[in-house]
2 protein chains.
Amino acid sequence: MMISNDIEQLISMLSRLPGLGPRSARRAALSLLRQPEARMLPLAHLMERAATSVRTCSLCGNLDTIDPCHICTDSTRDGGLVCVVETVGDLWALERAGVHRGVYQVLGGTLSALAGLGPEDLNVSSLLDRIAEGGVREVILALGATVEGATTAHWLQEKLASTGVVVSRVGHGVPMGGALDVLDDGTLAAALIARRAL
Amino acid sequence: MMISNDIEQLISMLSRLPGLGPRSARRAALSLLRQPEARMLPLAHLMERAATSVRTCSLCGNLDTIDPCHICTDSTRDGGLVCVVETVGDLWALERAGVHRGVYQVLGGTLSALAGLGPEDLNVSSLLDRIAEGGVREVILALGATVEGATTAHWLQEKLASTGVVVSRVGHGVPMGGALDVLDDGTLAAALIARRAL
């Protein structure tokens, strides 16, 4: 191909982003190259700034420009209610929903033999520290309803059993707005088990 | 949302790339933020370099780090055979296929009343210059088989009629590997008209 190295490299790096295949990476590169001043440079500068300014919160594992993060330092939030999530993306999803008024603990993954992730790879020590310091009443496990999520939830529950804090998990069932006939058997079974009297 | 401004902005800028919605922009941002040194900084630096190094070829409208571009300056290519395409993306597609041994003319769009694009918005003057200088034998119109593409092809054909160069267009028909029953009526009609004796 008679394409300059810089463009070739740009396409190749963009195509490694999740959600972008080679085809959409080419379209994205072209759209950036068409507006170098208006779009590519601002994005480049923002990435450069974010790469140095964004750090991992030492308390909860969230990504933010300050450490501890905005959530951990927000005095209006309930520090006694810790929601355990797998990734920062899950934290973002809960924040967008605006349904959790407490703080978070981002594990950074789940126990997974396949991915070679053991207990030592998960960010839990800062949660145990927070519990040991007192003030944590309840830990809500908001992990994925997958084998890995369930394994991790079970392991965390055992680990927290001796601490005396209440450990709960988010409910499983039919998603709001979801039709039953497209759901898998596991979800339907979970929804039946989680039935409530009206 | 309790997300830092830098991260919020990064997601918003990424989500404006074609092919990335808000959801995949968040995943892309997260994947970059997880590897600031290994992935985000290199991409930022590459974008910064490309934004200043990549320019539009004054001969054909291609994007390259040199002007005239690699294709126009390649003495092994046939400068007498000019393939007219709408966008640099189309040029890339033809180069990937490796089917054109001549040079290109990138219009930068098509005539479109809807998009407010008139003849003065298309990059044709450098093509007319090249033809006037002599040496161009044939102009192949490789424009999209759309209303805009056909309008633009017709307009170009008229414009080039007096120059004496041969004007051709790419063939229309059944794509290779394509099944007939998924094709639209227009393509099927074009394929029948373009039939060849065996």
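The structure displayed is predicted, hence computed values, not measured ones. (Residues numbered from 1 in each chain as written. Chains lettered and ligands numbered in written order. Predicted model: local features only at pLDDT ≥ 70, side-chain atom pairs only at ≥ 80, totals over all residues. Heavy atoms only, no water.)

Chemist: Report on the relation of the copies chain B and chain A, specifying residues and quantitative values.
Modeler: Each of the two chain copies can be brought onto the other by rotation about an axis and movement along it. Relative to chain A, chain B is turned by 180° and slid 0.0 Å along the rotation axis, the superposed coordinates differing by an RMSD of 0.0 Å. Interpreted geometrically, this transformation is the action of a two-fold axis. In terms of proximity to the rotation axis, the leading residue of chain B is A44 of chain B, whose C-alpha is 2.1 Å off the axis. When the interface residues of chain B are mapped onto chain A, 100% of them are again interface residues, pointing to one common binding face. (Least-squares fit on C-alpha atoms with pLDDT ≥ 70 in both. Contact = heavy atoms within 4.5 Å.)

Chemist: So, the pattern of salt bridges: which residues are in play, and what are the values?
Modeler: In this structure the tally under the stated criterion is eight salt bridges over all chains. Between E95 of chain B and R77 of chain B there is a salt bridge, with the nearest N and O atoms lying 2.8 Å from each other. Of this pair, E95 of chain B sits in helix α5 (residues 88-97) while R77 of chain B sits in the loop between α4 (70-73) and β3 (78-85); the two residues are 18 residues apart in sequence, bridging distant segments of the chain. R77 of chain B carries the same exposure label as E95 of chain B, and that label is buried. Each of D78, R101 and R137 of chain A takes part in salt bridges that share partners, so that together they form one network. (Salt bridge = Lys/Arg side-chain N within 4 Å of Asp/Glu carboxyl O. Helix = DSSP H or I, 4+ residues; strand = E, 2+ residues; numbered from the N terminus. Buried < 20%, exposed > 50% of the residue type's maximum accessible area, 1.4 Å probe, protein only.)

Chemist: Explain the domain arrangement of chain A residue by residue, including any values.
Modeler: By the assigned domains, chain A splits into domain 1 (5-53) and domain 2 (63-169). Centre-to-centre separation of domain 1 of chain A and domain 2 of chain A, based on C-alpha positions: 33 Å. (Domains from an automatic or database assignment.)

Chemist: Outline the side chain of D74 of chain A, supporting the account with residue identities and numerical values.
Modeler: Assignment of secondary structure puts D74 of chain A in the loop between β2 (63-64) and β3 (78-85). Only 2.7 Å separates the side chain of D74 of chain A from the side chain of T76 of chain A, close enough to count as a polar contact. (Polar contact = N/O pair within 3.5 Å; in protein donor to acceptor, adjacent residues only side chain to side chain.)

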